[in-house]
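Fold and contact review
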Amino acid sequence: MAWDFEAVAGPYTFTEGPVWTGEAVLFTDMYNHRVMRYEPATGKTTVHHTGTNQGNGLMWSLRGFLYCCEMIGRRVSNYGADGSLEVIADRFEGKRLNSPNDLIMDSVGRIWFTDPRYGEDRDDMELDHESVYRLTRVPEGHWEIERMTFDTTRPNGLLLSLDERTLYVAQSDYGEGRKRELRAYPVLDDGTLGQFRVMHNFVPARGIDGMTIDSEDRVIATAGWRKSAAGPMVYVFDQSGAGLETHRGPVDMPTNCCFGGEDLSDLYVTASSGHLFRVRTGLRGVRR
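Here goes a summary of the coordinates provided. (Residues numbered from 1 in each chain as written. Predicted model: local features only at pLDDT ≥ 70, side-chain atom pairs only at ≥ 80, totals over all residues. Heavy atoms only, no water.)

1. Concerning the overall build of the chain
When you go through the chain residue by residue, the secondary structure sums to 0 helices and 26 strands. A compact globule built from 288 residues should have a C-alpha radius of gyration of about 19 Å, and the chain, at 17 Å, falls within 12% of that. Across its three principal axes, the chain shows a C-alpha extent of roughly 50 × 45 × 40 Å. By residue count, 57% of the 288 residues in the chain fall in the buried class. If you take every contact in the chain between residues at least 6 apart in sequence, the share linking residues at least 24 apart comes to 43%. Of the roughly 12500 Å² of accessible surface on the chain, 46% is carried by carbon and sulfur atoms. Taking the average location of the 32 positive side-chain charges in the chain and that of its 42 negative ones, the two points are 2 Å from each other. (Helix = DSSP H or I, 4+ residues; strand = E, 2+ residues; numbered from the N terminus. Rg over C-alpha atoms; globule rule 2.2 N^0.38 Å. Buried < 20%, exposed > 50% of the residue type's maximum accessible area, 1.4 Å probe, protein only. Contact = heavy atoms within 4.5 Å. Areas by Shrake-Rupley, 256 points an atom, 1.4 Å probe, with all protein chains shown as cover. Lys, Arg positive; Asp, Glu negative; His and termini not counted. Charge placed at Lys NZ, Arg CZ, Asp CG, Glu CD.)

Structural data, given as structure tokens:
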């Protein structure tokens, strides 16, 4: 059955990074440098936070912290409810990050994030790679950064399986001969990543931008655009990479998604059109 998407907020500028807080959906209005808050109970959308430096991916922790990938700020930040700001990562080996894009937190509180550089302007890049990193809070209070991938170019969305033994990474590079894949990296016992397997190859279409996971360990991903025959899509993959469902996106270039609502069966989708969409699904998210 086709999904019936409903626009519940917007249009703003390019919207991204939806996260469910238990009461509301927070999402980024990227080019207005702010985080918006949509409350299903009232249908109202308000400004939650400003000054995000073109914030992209968001993460809401169970302790109530809001983390943001600031693309032009070239850093990962923690926005406190009292208006405070903590920069938790802006450099690796003394060099500025490229443009943090998306992030997740594992069950022990470590933060994983992607650091690609999209667009043609690469003159100010200090790093010679585009990688996935992991941040660990140490007793002294600061965050230690560790490079996790050595084979990615322009990694985008990322996700952990329910048992946290697999890291899913959207390898979404563009141009002739570039790879656009959904990759599954095993998380090894020593905490490093093993050799990835390709779950799905999106070439020649647009690869995955963002993704989330449901209670059955299925990957729900936003990808595609009108430039290719498949068009804008929301995909559902099982752990083997089999495509279980495909749903035509409501507008061009869906960017990211999350589950929300009282039973976590509403899927919220952001898009290049600047909207926040909602669709009732037969799937159910998880609280992490």
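2. Things to note about the pattern of salt bridges
Per the counting criterion, the structure on display carries 22 salt bridges. Between R75 and E70 there is a salt bridge whose closest N-O contact spans 2.6 Å. One salt bridge in this structure joins D173 and R154, with 3.7 Å as the shortest N-O distance. A residue pair is termed long-range when its members are at least 10 positions apart, and D173 in the loop between β17 (166-172) and β18 (180-186) and R154 in the loop between β15 (143-147) and β16 (155-160) qualify at 19 residues. Assigned by exposure class, D173 and R154 land together as buried. Salt bridges sharing common partners tie together R122, E130, R154, D173 and R178. (Salt bridge = Lys/Arg side-chain N within 4 Å of Asp/Glu carboxyl O.)

3. Description of the pairing of strand β4 (residues 34-39)
Alignment of strand β3 (residues 25-29) against β4, held across 5 bridges, turns out to be antiparallel. Directly across from F27, in β4, lies its bridge partner M36. Taking the residues that link successive antiparallel strands as the turn, the β3-β4 hairpin has 4 residues, and the phi of H33 there is positive, at about 55°. Summarising the sheet, β4 and strand β5 (residues 44-50) pair through 6 bridges and their orientation is antiparallel. In the strand pairing of β5, V35 is matched with H49. Count of turn residues in the β4/β5 antiparallel hairpin: 4 residues, of which G43 carries a positive phi of about 75°. (Pairing = 2+ DSSP bridges.)

4. What to know about the sheet that holds strand β8 (residues 75-79)
In space, the 4 strands of this open sheet follow the order β6-β7-β8-β9, with antiparallel pairing throughout. On the outer flanks of this sheet lie β6 (55-60) and β9 (85-89), each paired with one strand and no other. Each neighbouring strand pair of the sheet contributes to a mean axis angle of 25°, computed without reference to strand direction. (Axes fitted to C-alpha atoms, helices over the stretch in contact; angles between N-to-C directions.)

5. Side note on the environment of N101
Within the element layout of this structure, N101 appears in the loop between β11 (95-96) and β12 (103-105). For N101, a relative accessible area of 4% puts it in the buried group. Considering only alpha carbons, one finds N101 and R117, 16 residues apart in sequence, at a separation of 8.7 Å. Aside from chain neighbours lying at most four places away, what touches N101 is N56, G57, C69, T114, P116, Y118 and N156.

6. Overview of the sheet that holds strand β21 (residues 219-223)
Taken in spatial order, the 4 strands line up as β20-β21-β22-β23 in an open sheet, and their pairing is antiparallel. The two strands at the open ends of the sheet, each matched to only one other strand, are β20 (210-213) and β23 (243-248). In this sheet, neighbouring strand axes are inclined to one another by 20° on average, regardless of whether the strands run parallel or antiparallel. Where β21 meets strand β22 (residues 233-237), 5 bridges bridge the pair, whose relative direction is antiparallel.

7. Thoughts on the packing of aromatic side chains
Aromatic rings in a pair are described by how distant their centres are and how their planes are angled relative to each other. Inspection of the entire model under this criterion finds 15 aromatic pairs. The interplanar angle of 10° and the centroid separation of 5.5 Å between the aromatic rings of Y235 and F237 together place this pair among those described as stacked. What makes Y235 buried here is its relative accessible area of 11%. According to the relative accessible area criterion, F237 is buried, its value standing at 1%. Within the aromatic cluster, the residues linked to one another by ring pairs are W20, Y38 and Y268. The aromatic ring of F196 is capped on one face by R183, whose charged end is 3.9 Å from the ring centroid. For the cation-ring pair, K227 lies above W225, with the distance from its terminal atom to the ring centre recorded as 4.5 Å. (Phe/Tyr/Trp six-rings, centres within 6.5 Å; stacked < 30°, edge-to-face > 60°. Lys NZ or Arg CZ within 6 Å of the ring centre and 35° of its normal.)

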